[in-house]
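Tertiary structure, described
Okay, here's what each chain looks like letter by letter:
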Amino acid sequence: MGRVENLAVSAVLLAVLYLSAFVLPLHSQPSWALALSAFALLVAFSVWALIDCLRRPNEKFAVGGRYARPLWALAILFTWIVGALLYYFLIKRATPKSI
């Protein structure tokens, strides 16, 4: 993982720790803390997908040519978690890893 991805993961872990330490004791129902933690993880996943999309060279996309990167970035931005999941399964996992 690169520096930006490490920062994103660190931010998510800090958010989850914050939510579990401060939000959970303030509310009588722990479902709020779980919902906020799940929301933070979904946002982090979407941000990670967007960062990966913007850093990926155009040659690594299966279709779309030179417009593949902006199209996927817009899809991730406007459809949020759905676009991030589609990007992950259709582009990220479909790309063979270079050794």
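Presented here is a report on the structure given in the accompanying data block.

What counts as what
Residues numbered from 1 in each chain as written. Predicted model: local features only at pLDDT ≥ 70, side-chain atom pairs only at ≥ 80, totals over all residues. Heavy atoms only, no water. Helix = DSSP H or I, 4+ residues; strand = E, 2+ residues; numbered from the N terminus. Buried < 20%, exposed > 50% of the residue type's maximum accessible area, 1.4 Å probe, protein only. Contact = heavy atoms within 4.5 Å. Areas by Shrake-Rupley, 256 points an atom, 1.4 Å probe, with all protein chains shown as cover. Phe/Tyr/Trp six-rings, centres within 6.5 Å; stacked < 30°, edge-to-face > 60°. Patch = residues over 30% accessible without salt bridge, like charges linked within 9 Å, V, L, I, M, F, W, Y side chains within 5 Å. Salt bridge = Lys/Arg side-chain N within 4 Å of Asp/Glu carboxyl O.

Scanning the protein chain from terminus to terminus reveals four helices and zero strands. Its helices and strands in sequence order give the protein chain the pattern α-α-α-α, from N to C terminus. The buried share of the protein chain, taken over its 99 residues, is 28%. Intrachain contacts of the protein chain at a sequence separation of at least 6 include 55% that bridge at least 24 residues. Surface accessibility of the protein chain: about 7,200 Å² in total, with carbon and sulfur atoms responsible for 72%.

Another point: the packing of aromatic side chains. Two aromatic rings are characterised by how far apart their centres lie and by the angle between their planes. Applying the stated criterion across every chain, the model contains six aromatic pairs. Ring pairing ties together the aromatic residues F45, W48, Y88 and F89, which thus form one cluster.

Turning next to a nonpolar patch on the surface. Taken together, the side chains of V82, L85, L86, F89 and L90 define a hydrophobic patch exposed on the protein surface, amounting to about 470 Å² of accessible area. Of note, V82 is situated in helix α4 (residues 81–92).

Here we come to the side chain of S46. Note on placement: S46 falls in helix α2 (residues 31–55). The class for S46 is buried, based on a relative accessible area of 6%.

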